[in-house]
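Geometric and topological summary
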Amino acid sequence: MSVALETLIARSLPAVEEKECTPNREVTLEQLRIVDMIHEGKPQCRLCGQTVNRLDQFRLCSKVSDAHKERRGDPVPRRKAAR
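A brief look at the structure comes next. Quick caveat, the model's predicted, so the values are computed rather than measured.

Below, the discussion takes up the overall build of the protein. Across its full length, the protein holds three helices and zero strands. Listed N to C, the secondary structure of the protein is α-α-α in terms of helices and strands. Relative to a compact globule of 83 residues, whose C-alpha radius of gyration would be 12 Å, the protein shows 24 Å and is clearly more extended. Along the longest, intermediate and shortest principal axes, the C-alpha atoms of the protein span 60 × 40 × 30 Å. Out of the 83 residues in the protein, the part that is buried amounts to 10%. For the protein, the proportion of contacts with a sequence separation of at least 24, taken over those separated by at least 6, is 4%. On the protein, roughly 8,000 Å² of surface is accessible, and the fraction owed to carbon and sulfur atoms is 53%. Treating the 16 positive side-chain charges of the protein as one cloud and the 12 negative ones as another, the clouds have centres 13 Å apart.

Attention shifts here to the environment of Leu55. With respect to the helices and strands, Leu55 occurs in the loop between α2 (25-39) and α3 (66-72). In sequence terms Leu55 and Lys42 are 13 residues apart; their C-alpha atoms lie 9.9 Å from each other. With sequence-adjacent residues up to four places away left out, Leu55 is seen in contact with Pro43, Gln44, Cys45, Leu60 and Cys61.

Procedures and definitions
Residues numbered from 1 in each chain as written. Predicted model: local features only at pLDDT ≥ 70, side-chain atom pairs only at ≥ 80, totals over all residues. Heavy atoms only, no water. Helix = DSSP H or I, 4+ residues; strand = E, 2+ residues; numbered from the N terminus. Rg over C-alpha atoms; globule rule 2.2 N^0.38 Å. Buried < 20%, exposed > 50% of the residue type's maximum accessible area, 1.4 Å probe, protein only. Contact = heavy atoms within 4.5 Å. Areas by Shrake-Rupley, 256 points an atom, 1.4 Å probe, with all protein chains shown as cover. Lys, Arg positive; Asp, Glu negative; His and termini not counted. Charge placed at Lys NZ, Arg CZ, Asp CG, Glu CD.

The structure is reproduced here in structure tokens:
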């Protein structure tokens, strides 16, 4: 790094103050209401219920878990039993 850049960084560090985070229930609930409004009307996966922009032909999300693979008809290797 150049000397000028190091000097600028050194000067700016003390100026940054950390704000104390205090939870505010009303603000959180309002933000969650906004998220719900954005997701309203979007499709949900038949298997896991995840809200997505687009579903595949089996009305499933893009997850590749064993359950999703089975529902799509893809071969899923069986796990060996634990001893």
